[in-house]
Amino acid sequence: MILVPHDPSRQNCQGSDSASLIASVRCAIASEVPFDVTNLSYRVLGDSIVIEGNVVKRSDAELIHRIAEDIAGQGRVIMRVGGINH
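Residues numbered from 1 in each chain as written. Predicted model: local features only at pLDDT ≥ 70, side-chain atom pairs only at ≥ 80, totals over all residues. Heavy atoms only, no water.

Asks: Explain the nonpolar core here, please?
Replies: Buried together is how nonpolar side chains tend to be arranged in soluble globular proteins. One finds Val25, Ile29, Leu40, Tyr42, Ile49, Ile51 and Ile64 to be the most contacted residues of the largest nonpolar core, which totals 20 residues. Going through the elements one at a time, α1 (14-32), β2 (48-57), α2 (58-72) and β3 (77-85) are the ones with two or more residues in this core. Residues contacting Leu40, with those up to four places away along its chain left out, are Ile51, Glu52, Gly53, Asn54, Val55, Ile64 and Val81. (Core = buried A, V, L, I, M, F, W, Y, C linked by side-chain atoms within 4.5 Å. Buried < 20%, exposed > 50% of the residue type's maximum accessible area, 1.4 Å probe, protein only. Helix = DSSP H or I, 4+ residues; strand = E, 2+ residues; numbered from the N terminus. Contact = heavy atoms within 4.5 Å.)

Asks: What is the right way to look at the environment of Gly75 in this model?
Replies: Mapped onto the elements of the fold, Gly75 is located in the loop between α2 and β3. Using a relative accessible area of 62% as the deciding quantity, one classes Gly75 as exposed. For the pair Gly75 and Ile49, spaced 26 residues apart in the sequence, the C-alpha separation amounts to 9.9 Å. If sequence neighbours within four positions are ignored, Gly75 has contacts with Ser48 and Glu69.

Asks: Any chance you could explain the pattern of salt bridges here in plain terms?
Replies: Here the idea is simple: oppositely charged side chains can pair when their charged atoms come close. Taken as a whole, this structure holds three salt bridges when the rule is applied. The partner of Glu52 in a salt bridge is Arg43, and the shortest N-O contact between them spans 3.7 Å. Judged by relative accessible area, which is 24%, Glu52 ranks as partly exposed. Among the residues examined, Arg43 registers a relative accessible area of 33% and is labelled partly exposed. (Salt bridge = Lys/Arg side-chain N within 4 Å of Asp/Glu carboxyl O.)

Asks: Would you mind going over the pairing of strand β1 (residues 41-45) with me for this structure?
Replies: Within a regular strand, the side chains alternate between the two sheet faces. Examined bridge by bridge, β1 and β2 share five bridges and lie antiparallel to one another. Each bridged residue has a counterpart across the sheet, and for Ser41 the counterpart in β2 is Glu52. In this antiparallel pair of consecutive strands, β1 and β2, the connection spans two residues, and Gly46 shows a positive phi of 65°. (Pairing = 2+ DSSP bridges.)

Asks: Would you mind going over α2 with me for this structure?
Replies: The α-helix advances 3.6 residues per turn, and as a result positions three or four apart in sequence lie on the same side. Here α2 is 15 residues long and its end C-alpha atoms lie 21 Å apart, about the 21 Å a rise of 1.5 Å per residue gives. One or two positions beyond α2, positive phi appears at Gly73, with a value near 110°. (Expected span 1.5 Å × (residues − 1).)

Asks: Explain the side chain of Asp60 to me, please; I cannot follow it from the model alone.
Replies: Inspection of the secondary structure assignment puts Asp60 in helix α2. Although Asp60 is buried, it forms no salt bridge, and the closest oppositely charged side chain is Lys57 at an N-O distance of 4.4 Å. (Lys, Arg positive; Asp, Glu negative; His and termini not counted.)

Have a look at this one:
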């Protein structure tokens, strides 16, 4: 697996950088978590990645957030993921 860290200084190739960021985060989350994440959606907003959807537990959302920040960078992940069972 090739993970591409987010580089906000690459403004002139934002389209390909955004696609690689989404692919890297999606792949890392899918391979690292022990639960189904096919109901999550990913998009880039400015220099951040937005992850939206629902998971079973709030702790699952926290795990997803940590994995995404490892790739995108601290403070560059916007979570709109709710836990069905708190």
